[in-house]
Amino acid sequence: RVGFVGAGRMAGGLARGLLRAGKVPASSILASAPSDKNLDAWRESGCRTTHCNLEVLQESTLVFLATKPHILPAVLQEIRPAVGPHHIVVSLAAGVTLQTLQRLLPAGTKVLRLMPNLPCVVQAGAMVFARGSGAGDGEAALLKSLLSSCGLCEEVPESYINIHTGLSGSGVAYVYLFAEALAEGAVKMGMPGGLASRIAAQTLLGAAKMMLETGEHPAKLRGDVCTPGGTTIHALHQLEKGALRATVMNAVEAATNRACDVAED
């Protein structure tokens, strides 16, 4: 049985991805939240809901902690008496370190820290996780096996999690901005907006799939598209004049630094 303490957007996206993949039946998912505001969507998916966080611990072995970071310490204090050696506790809270989680939970608790992103909803997410001292290979393998149905899932050192937030958690928004700009460029040149948006999305999907399936460095694939004196090299020159690469690198750095700041707050 899988439990979610907290039923916001990220938890809901992860649960929908698991349901779509057929990994967990809806009847085996129990989600808690203080009000009905976020729980209605879970009920519509066939999941069970409650207003009691302790009930989630009592009925689940794999428990995702999906509250806001500033609320999590109080929630951990509340659920601590119900956490036992059979539980696997996975935190989705940005900035809350494994050290903090282990300090606020019973000694030896099998705790892991996970950072998913929005496309988990459509089983195309990018997730990284790190394990605490109480979690072994079995717990890591279970989490990776379960979540690989929602997209790419990698175990990493905890220090990479804030970087992943800047790269992929926030990076989805950078891609949407770029897709919007691509489509608007086509609209400017006379293509209908709906068609331009579909082609922009497919272009991004195809380019990403080639990176994953060929394993080639993006610079190599970019070079394969360019021909001497052709359309692409003229367009890339404009992107370089606009400092696209430096701007995107700065964006990843800014989001990573902000994630680190949240951890210190």
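Residues numbered from 1 in each chain as written. Predicted model: local features only at pLDDT ≥ 70, side-chain atom pairs only at ≥ 80, totals over all residues. Heavy atoms only, no water.

### Observations concerning the UniProt feature "binding site: NADPH" (unreviewed entry) in the chain
In the numbering used here, UniProt assigns the "binding site: NADPH" (unreviewed entry) feature to N53. In this structure, N53 sits in helix α3 (residues 53-59). Leaving out residues up to four positions away in the same chain, N53 has contacts with V5, S32, V75, E78 and I79. At 2.7 Å, the side chain of N53 forms a polar contact with the side chain of S32. (UniProt positions renumbered as here; feature names shortened; annotations may be inferred. Helix = DSSP H or I, 4+ residues; strand = E, 2+ residues; numbered from the N terminus. Contact = heavy atoms within 4.5 Å. Polar contact = N/O pair within 3.5 Å; in protein donor to acceptor, adjacent residues only side chain to side chain.)

### Some thoughts on the environment of A126
Residue placement: A126 occurs in strand β7 (residues 125-131). You can call A126 buried: its relative accessible area is 18%. Along the primary structure A126 and L152 are separated by 26 residues, whereas in three dimensions their C-alpha atoms are 4.8 Å apart. Sequence-distant contacts of A126, that is, excluding residues within four places in its chain, are made with M115, P116, N117, L152, H164 and S168. (Buried < 20%, exposed > 50% of the residue type's maximum accessible area, 1.4 Å probe, protein only.)

### Here's the deal with the sheet that holds strand β4 (residues 62-65)
The eight strands lie next to each other as β3-β2-β1-β4-β5-β6-β7-β8, forming an open sheet whose pairing is mixed. Looking along the sheet, the strands with just one partner apiece sit at the ends: β3 (48-50) and β8 (151-155). Strand-to-strand twist across the sheet, computed as the mean angle between neighbouring axes with direction ignored, equals 20 degrees. Pairing of strand β1 (residues 2-5) with β4, which is carried by four bridges, proceeds in the parallel orientation. (Pairing = 2+ DSSP bridges. Axes fitted to C-alpha atoms, helices over the stretch in contact; angles between N-to-C directions.)

### Quick word on the packing of helix α8 (residues 171-188) against helix α9 (residues 193-214)
Orientation of α8 relative to α9, taken along the N-to-C sense of each, is 135 degrees, at an axis distance of 8 Å. Taken together, the axes of α8 and α9 lie oblique to each other. Both α8 and α9 take part in a crossing whose hand is right-handed. On α9, the residues that touch V175, F178, A179, L182, A183, A186 and V187 of α8 are G193, A196, S197, A200 and L204. By residue class, the composition of the contact of α8 with α9 is ten nonpolar, two polar and no charged. (Parallel < 35°, antiparallel > 145°, perpendicular 65-115°, else oblique. Left-handed = near helix turned anticlockwise from the far one by under 90°. Nonpolar A, V, L, I, M, F, W, Y, C, P; charged D, E, K, R; others polar.)

### Quick notes on the UniProt feature "domain: Pyrroline-5-carboxylate reductase dimerisation" (unreviewed entry) in the chain
Feature annotation in UniProt assigns "domain: Pyrroline-5-carboxylate reductase dimerisation" (unreviewed entry) to the following positions: residues 158-259. From the first C-alpha to the last, residues 158-259 spans 13 Å; its make-up is 82% helix and 0% strand.

### Some details on the pattern of salt bridges
This model, assessed by the stated rule, comprises nine salt bridges. Between E158 and R113 there is a salt bridge, and its shortest N-O distance comes to 2.9 Å. Residue E158 is located in the loop between β8 and α7 (161-169), and its partner R113 is located in strand β6 (residues 110-115); the two are separated by 45 residues in the primary sequence. The exposure class assigned to E158 is partly exposed, which follows from its relative accessible area of 26%. (Salt bridge = Lys/Arg side-chain N within 4 Å of Asp/Glu carboxyl O.)

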